[in-house]
Amino acid sequence: KIKNSMFKDFELAMKKYKTYQIMDEAQYWYEHFNEKDKRLKLLEQEVISFPKYDYGYYNLAKELYFNNQYIDSEKLFKRALQVTPDYADVYYWLGRINFDLLRKTMSEKMFLKSIELDGSQQESYYWLGKIAFEQKDYKKAKEMFYQASELDPEDSYSFYWLGKSYYELKDLNKAEFYAKKS
């Protein structure tokens, strides 16, 4: 009952005030209560209602990404960049899309751009490490995973891959050290 009442209140507020802040709040609660279809519909409505709101494109693009709709997601992230060209997180997600679509050169370019705009993009360093590791450039992979682990010391994946990179570089002491940290 409380959930339905709250959703009705949001719907009335959205009709009356039509602001992206109210839509963002409603999206949060739709997600919280696992109302995926309502959230997706609201995300689509927000993009139409507020074409200059970059976060609307960003949210909808992420939702589509997590539903494996990479091409549509990519288009929306690019729309977000038209509104805000220096949106570092968007470049990170474009990197992920390109990685998933096996476009590694473009993926690397997007991750580097996200880091250029915001040096604290831990995930971009991590994925650059993954690309370097796949290309058997273990020295570069080591550097990227190390930077990722410095930015997020709780990320066990970075330590795992850092250990694997050291293993491939035949530095078994450091490989063991980082494997234990993962």
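Below or above, wherever it landed, is the structure these notes cover. (Residues numbered from 1 in each chain as written. Predicted model: local features only at pLDDT ≥ 70, side-chain atom pairs only at ≥ 80, totals over all residues. Heavy atoms only, no water.)

## Considerations on the pattern of salt bridges
Two side chains of opposite charge can pair, provided their charged atoms sit close to one another. Overall, the coordinates contain six salt bridges when judged by the stated rule. One salt bridge in this structure joins Glu108 and Lys140, with 2.6 Å as the shortest N-O distance. Of this pair, Glu108 sits in helix H7 (residues 104-117) while Lys140 sits in helix H9 (residues 138-151); the two residues are 32 residues apart in sequence, bridging distant segments of the chain. Residue classification places Glu108 among the buried residues on the basis of a relative accessible area of 19%. Judged by relative accessible area, which is 26%, Lys140 ranks as partly exposed. The salt bridge partner of Glu176 is Lys180, with a shortest N-O separation of 3.2 Å. With a gap of four residues between them, Glu176 and Lys180 both fall in helix H11 (residues 172-181), about one helical turn apart. The exposure class of Glu176 is partly exposed, given its relative accessible area of 44%. Connected via shared salt-bridge partners are Glu74, Lys78 and Arg103. (Salt bridge = Lys/Arg side-chain N within 4 Å of Asp/Glu carboxyl O. Helix = DSSP H or I, 4+ residues; strand = E, 2+ residues; numbered from the N terminus. Buried < 20%, exposed > 50% of the residue type's maximum accessible area, 1.4 Å probe, protein only.)

## Observations concerning the packing of aromatic side chains
Evaluated as defined, the whole model comprises 21 aromatic pairs. Ring geometry for Tyr65 against Phe66: centres 5.4 Å apart, planes inclined by 80°, an arrangement best described as edge-to-face. In this structure Phe66 comes out as exposed when scored by relative accessible area, which is 54%. Each residue in the set Tyr53, Tyr55, Tyr58, Tyr65, Phe66, Tyr70, Phe77, Tyr87, Tyr92, Trp93 and Phe111 is aromatic and connected to the rest through ring pairs, giving one cluster. The ring centre of Phe99 lies 4.3 Å from the NZ or CZ of Lys104, which sits over that ring. For the cation-ring pair, Lys113 lies above Tyr91, with the distance from its terminal atom to the ring centre recorded as 5.9 Å. (Phe/Tyr/Trp six-rings, centres within 6.5 Å; stacked < 30°, edge-to-face > 60°. Lys NZ or Arg CZ within 6 Å of the ring centre and 35° of its normal.)

Coordinates in, geometry out; function isn't part of it.
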